[in-house]
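# Breakdown of the fold
Spelled out, the chains give:
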Amino acid sequence: MSSLLLLNGPNLGILGRRQPEIYGTATLADIEAAVAKRVADRGWQVVAVQRESEGELIHAIQDNYDTVGAIVNPGALMIAGWSLRDALANYPRPWIEVHLSNVWAREAFRHESVVSPLAAGVIAGLGPLGYELAAEALVRTVPTS
């Protein structure tokens, strides 16, 4: 069975409790379940990884080159995660960057992502639905094996 990498960066493990006025009340487990449900008809499993450190996220990418694609929420590492960027540049499949909040409607330091230019697409500001839309995009665009 093929797998889809769902990669979440720092502070995303506490979704549901982390600033719900910005990030909503859905937990990361809720998001993982929604993505798994969306890709199940394609026969894909979800490999869900959330880590607080950039190095661990890099290992997760390198350990999952065999996945069909990825959904990546780098969190604040979008701003200065140059090592994460390099790891994503070497990831051999399409991936979509997702942010729960509209980062361009927030503080100016959030307005530039070092990883976005490498992504197949970017979805921001749609809350947990953004992950489902990213899953749908990959389901529709990744060729069947």
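Just so you know, these numbers come straight off a predicted model, no measurement behind them.

The subject of this paragraph is the sheet that holds strand β3 (residues 70–73). Taken together, five strands build an open sheet; the order of strands is β2-β1-β3-β4-β5 and the sheet is parallel. With one partner strand each, in any of the chains shown, β2 (44–50) and β5 (121–124) form the two edges of the open sheet. Between one strand axis and the next, the sheet turns by 20° as a mean value, whatever way the strands run. Here three bridges tie β3 to strand β4 (residues 95–99), and the two strands are oriented parallel to one another. Paired with Val72 across the strands is Glu97, a residue of β4.

Next up on the list: the pattern of salt bridges. Here the structure, examined in full by the defined rule, presents three salt bridges. Its salt-bridge partner being Glu136, residue Arg38 comes within 2.2 Å of it at the nearest N-O pair. Pair noted here: Arg38 is in helix α2 (residues 28–40) and Glu136 is in helix α6 (residues 129–141), with a separation of 98 residues, a long-range link. Among the salt bridges present, the one from Arg140 reaches Glu136, with a minimum N-O distance of 2.4 Å. Taken together, the residues span about one helical turn, with Arg140 and Glu136 both in helix α6 at a distance of four residues. A residue is classified by how much of its surface remains accessible, and Arg140, at 67% relative accessible area, is exposed. One network of salt bridges, with partners in common, ties together Arg38, Glu136 and Arg140.

Considering the arrangement of structural elements, one finds Asn64 in the loop between α3 (54–62) and β3. Non-local contacts of Asn64, meaning those with residues more than four positions away in its chain, are made with Leu5, Val47 and Tyr91.

We now examine unusual backbone geometry. In this structure, Asn11 is a non-glycine residue whose phi angle is positive, near 70°. Position of Asn11 among the secondary structure elements: in the loop between β1 (2–8) and α1 (20–23).

Burial in α3 covers these residues: Leu57, Ile58, Ala60 and Ile61. Seen end-on, α3 carries its buried residues on one side only, within an arc spanning 160°.

Right, let's talk about the environment of Pro117 for a bit. One can find Pro117 in the loop between β4 and β5. Between the alpha carbons of Pro117 and Arg85 there is a distance of 9.6 Å; along the sequence they are 32 residues apart.

A separate point is helix α5 (residues 82–90). The set of residues buried in α5 consists of Leu84, Ala87 and Leu88. Buried residues of α5, seen end-on, are gathered within an arc of 100° and therefore sit on one face of the element. At its buried positions, α5 is contacted by α3, β3, α4 (77–80) and β4.

Rules and cut-offs
- Residues numbered from 1 in each chain as written.
- Predicted model: local features only at pLDDT ≥ 70, side-chain atom pairs only at ≥ 80, totals over all residues.
- Heavy atoms only, no water.
- Pairing = 2+ DSSP bridges.
- Helix = DSSP H or I, 4+ residues; strand = E, 2+ residues; numbered from the N terminus.
- Axes fitted to C-alpha atoms, helices over the stretch in contact; angles between N-to-C directions.
- Salt bridge = Lys/Arg side-chain N within 4 Å of Asp/Glu carboxyl O.
- Buried < 20%, exposed > 50% of the residue type's maximum accessible area, 1.4 Å probe, protein only.
- Contact = heavy atoms within 4.5 Å.
- Arc of directions from axis to C-beta.

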